[in-house]
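Per-entry structural report
Single-letter residue listing:
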Amino acid sequence: MKVIYSEVQKQHYPQHFLSSGAARPNPEVPERADRLLQAALASGLELMEPEDAGLEPVAAVHSPEYLQFLQNIYRRWCYIDGASSEVVPNIHPDRRDGAYPASAVGQAGFHMLDTGCPINGDTWNSALASAHAAVQGAALLLDDEDSAYALCRPPGHHAGRDFAAGFCYLNNSAIAAQELLAEFGRVAILDIDVHHGNGTQDIFYNRNDVFTVSLHADPSRFYPFFWGHANERGSGQGLGYNLNIPLPRGTGDKDYLEELDRALSRIEAYAPGALVVALGLDAHEADPFQGLAITTAGFGKIAARIAALELPTLLVQEGGYLSDDLGANLESFLDGFRS
Ligand SMILES: [Zn+2]
């Protein structure tokens, strides 16, 4: 099994985010990638660098305005007198069907849902390289590999069709799923990150060719707050093809695995040709976000059940923040997946 990763993904180094209104060091640090790569190699995976796949696969799920914005906003921001060193929005529209502003500040408000996704001079290159890791992973599956691990950093599942949010800029899992559709007809995305995959839900909400499933800490008291509830089931042709399973804060292995089985049986009934796992490791009991309480051994059990579906499977890294257990959690998952 290959781990796909490029050092370019480490250049993006966001400095701050607001937590309960206070400016704190941003936890989505490059060191995450070092620890995850080390763990993947220790598990026996073989490193592969992603090829430059250009913009086409990214443009298949994100809007042209948004991609223009991501590529150019930092340069434009630097011309603003007295502006912050990173692009951070200070206005948030209450709906997304208003006029599209010409101003850099207005566009930052339009395209950035929160303050957890600051943009600096390296963000675009790193986000694009991260997306290319996912594209490369999809290409391996299209080339008849059973599985691959795209070490995507920055992560992607909070990024919607035209917005960044929660440390995410380009939706790597969605981009990979869209690539896989070319051959597999129907694809399921199983998101096990502790946070609801609201960006992925946004992208596929009206579609039935990608079944989006997310298990996460109940958003009524946890980020992203406004999405991830059980009654969000898709709309139009997509009605019934979005499944949210919110879990009480602090849920441990036993209850989690029961709900996972429910999710997996729904995926089996959908009969997809391939599976994308949005692999957040922040549901761990020692993760700084403290949403759920999965153990290190628990990740191995989760992985074994996913592997039992016997689908071509692409693992796409999402969250999981610095703790002494981060590397061990990935190793446990990879070992469980391949056992
Ligand atoms: Zn997360």
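Scroll up to find the structure this text is about.
Attention here is on the structure that accompanies the text. (Residues numbered from 1 in each chain as written. Predicted model: local features only at pLDDT ≥ 70, side-chain atom pairs only at ≥ 80, totals over all residues. Heavy atoms only, no water.)

Re the overall build of the protein
Worth spelling out the cut-off: What counts as a helix is a DSSP run of H or I of at least four residues, what counts as a strand is a run of E of at least two, and both are numbered from the N terminus. Here a residue-residue contact requires only that any non-hydrogen atoms of the pair lie within 4.5 Å. Asp and Glu are treated as the negative residues and Lys and Arg as the positive ones, with His and the ends of the chain left uncounted. To locate a charge, the coordinates of NZ of Lys, CZ of Arg, CG of Asp or CD of Glu are taken.
Across its full length, the protein holds 10 helices and 10 strands. Expressed along its principal axes, the backbone C-alpha trace of the protein runs to roughly 55 × 45 × 40 Å. Long-range pairs, those at least 24 residues apart, make up 78% of the contacts in the protein between residues at least 6 apart in sequence. Across the protein, the centroid of the 22 positively charged side chains sits 6 Å from that of the 44 negatively charged ones.

Some details on the sheet that holds strand β1 (residues 2-4)
The condition is simple: In short, DSSP must find at least two bridges between two strands for them to pair. Axis lines are fitted to C-alpha atoms, over the contacting stretch for helices. Their N-to-C directions set the angle, which ranges from 0 to 180 degrees.
A sheet is described by the order of its strands in space; here eight strands give the open sequence β4-β1-β5-β10-β9-β6-β7-β8, paired in parallel fashion. Across the chains shown, the open sheet's two edge strands, defined by having one partner strand only, are β4 (46-48) and β8 (242-247). In this sheet, neighbouring strand axes are inclined to one another by 20° on average, regardless of whether the strands run parallel or antiparallel. Contacts from helix α5 (residues 123-142) reach β1, β4, β5 (147-150) and β10 (313-317), with the element oriented near 175° to β5.

Description of the state of the cysteines
Quick reminder of the rule: Disulfides are defined as cysteine sulfur pairs within 2.5 Å. A 1.4 Å probe rolled over the protein chains alone gives each residue an accessible area, and that area as a share of the maximum for its type sets the label: buried under 20%, exposed over 50%, partly exposed in between.
The final tally for this structure, using the stated rule, is zero disulfides. The closest cysteine sulfur to the non-disulfide-bonded Cys78 is located on Cys117, 17 Å from its own sulfur. Cys168 provides the cysteine sulfur closest to Cys152, a residue in no disulfide bond, and the two sulfurs are 10 Å apart. Among the residues examined, Cys152 registers a relative accessible area of 0% and is labelled buried.

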